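# A closer look at the structure
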Amino acid sequence: MSNEQTKPKTDEPQEEPKEQPNEEQPAQQADLPWLEETVTVAGDGKAVVQNLEDLLIVANKERNLPADYEPKDLVTPNVPFPFKEDLPKKKLRKEAALSLEVLFKAAEDKGMNLLAQSGYRSYDTQVSIFAYNAEQKGEEVANKTSSKPGQSEHQTGLSMDVTSPEVNYELVEAFGETKEGKWLAENAHKYGFIIRYLKGKEEITGYKYEPWHLRYVGVEHAKKIHEQGIVLEEYLQKP
Ligand SMILES: [Zn+2]
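Let me sum up the structure you'll find in this document. Keep in mind it's a predicted model, so treat the numbers as computed, not measured. (Residues numbered from 1 in each chain as written. Predicted model: local features only at pLDDT ≥ 70, side-chain atom pairs only at ≥ 80, totals over all residues. Heavy atoms only, no water.)

### As for the packing of aromatic side chains
Following the criterion strictly, the structure yields 4 aromatic pairs and no others. Considering the side-chain rings of Phe81 and Phe83, the 5.6 Å spacing of their centres and the 50 degrees angle between planes classify their relative orientation as tilted. With respect to burial, Phe81 and Phe83 carry one shared label: buried. Here the guanidinium or amino end of Lys61 rests over the ring plane of Tyr207, the centre of that ring lying 4.2 Å away. (Phe/Tyr/Trp six-rings, centres within 6.5 Å; stacked < 30°, edge-to-face > 60°. Buried < 20%, exposed > 50% of the residue type's maximum accessible area, 1.4 Å probe, protein only. Lys NZ or Arg CZ within 6 Å of the ring centre and 35° of its normal.)

### A word on helix H3 (residues 123-137)
A rise of 1.5 Å per residue sets the reference length of H3, with its 15 residues, at 21 Å; its end C-alpha atoms lie 21 Å apart and thus fit the reference within 8%. What H3 keeps buried is the set Gln126, Phe130, Asn133 and Ala134. An end-on view of H3 places all buried positions within 100 degrees of arc, on one side of the element. Relative to its buried face, H3 has exposed residues pointing more than 90 degrees away, namely Asp124, Tyr132 and Glu135. (Helix = DSSP H or I, 4+ residues; strand = E, 2+ residues; numbered from the N terminus. Expected span 1.5 Å × (residues − 1). Arc of directions from axis to C-beta.)

### Thoughts on the nonpolar core
Considering soluble globular proteins, one finds that nonpolar side chains tend to be buried as a cluster. If you look at the biggest cluster of nonpolar residues, it comprises 34 residues, and the most contacted ones within it are Leu103 and Leu184. Element by element, the count of residues in this core is highest for helix H2 (residues 94-109), at 7 residues. The residues contacting Leu103, other than those within four sequence positions of it, are Leu114, Trp183, Leu184, Ala188, Tyr191 and Phe193. Counting residues in each nonpolar core, the second largest holds 13 residues, with Trp34, Leu35, Val58 and Ile225 among its members. (Core = buried A, V, L, I, M, F, W, Y, C linked by side-chain atoms within 4.5 Å. Contact = heavy atoms within 4.5 Å.)

### Some words on the coordination of the zinc ion
Every protein donor of the zinc ion is accounted for by His154 (NE2), Asp161 (OD), Asp161 (OD) and His213 (ND1), and the metal-donor separations fall at 2.1 to 2.8 Å. Each of the 4 donor atoms around the zinc ion contributes to a set of angles spanning 52 to 152 degrees, which defines the coordination as irregular. (Donors = N, O, S within 2.8 Å, 3.2 Å for Na, K, Ca; no water. Tetrahedral: all angles 85-135°; square planar, octahedral: opposite > 155°, others 65-115°.)

### Section: the environment of Gly229
Tracing the backbone through its elements, the reader meets Gly229 in the loop between helix H7 (219-228) and helix H8 (232-235). On the accessibility criterion, Gly229 (39% relative accessible area) is partly exposed. Distance in space between the C-alpha atoms of Gly229 and Leu198 is 8.8 Å, their sequence separation being 31 residues. For Gly229, the residues in contact, after removing those within four places along its chain, are Leu198 and Lys201.

Dropping the structure here:
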């Protein structure tokens with residue numbers, strides 16, 4: 001009983017100075033689409049992503065996109081690709097596409113030789129890719145390197161895999177050691193992009209390090225994520 005009485009007394013002096021700085025922070029933070037609040041659980045137990053048009057949308061191995069979701073504002077960015085065909089995988093959502101053009105121009109000005117390899121991917125395309133990989137390598141291995149349908153970030157139209165001649169236009173870890181890869185790691189956030197799958201964050205993202213996979217989130221969020229050295233899942237984890 002005597003313990004209970006002493007507690008309120010020690011709290012008292014802290015109350016006043018606390019109030020002012022507290023007022024601004026929650027207002028900013030409350031705008032973020034927290035991971036646990038942006039899914040509903042379907043009948044089969046799968047978590048289905050709800051904030052489909054959100055630039056901070058998260059699709060991963062625990063968060064599924066609806067099979068029929070296709071962004072409405074897909075366009076082809078005016079950047080170099082290592083192939084000529086006009087394929088759907090050239091596309092991104094409009095804001096991401098325009099920002100990618102600005103990023104590519106800035107990279108070119110610095111003497112970088114970047115090419116875009118693969119952007120938007122429909123649910124049905126992912127069905128074929130995963131089935132092919134599972135057949136070649138077995139489902140367990142396939143699941144580490146490619147996504148199951150509905151779990152690929154490429155379906156959001158906010159991701160672009162990029163590459164360079166130095167790695168033969170391939171999507172390989174060595175890209176991170178090229179001058180283009182290093183430039184991206186240091187500068188992509190200025191144009192609203194993050195390196196989505198960081199080294200050392202495999203347990204959180206569910207993917208191996210992918211220095212080539214750019215994800216658009218907008219400049220404001222990209223800067224904060226970059227400065228903190230975290231991945232999108234950590235950024236959207238409710239404190
Ligand atoms: Zn990718």
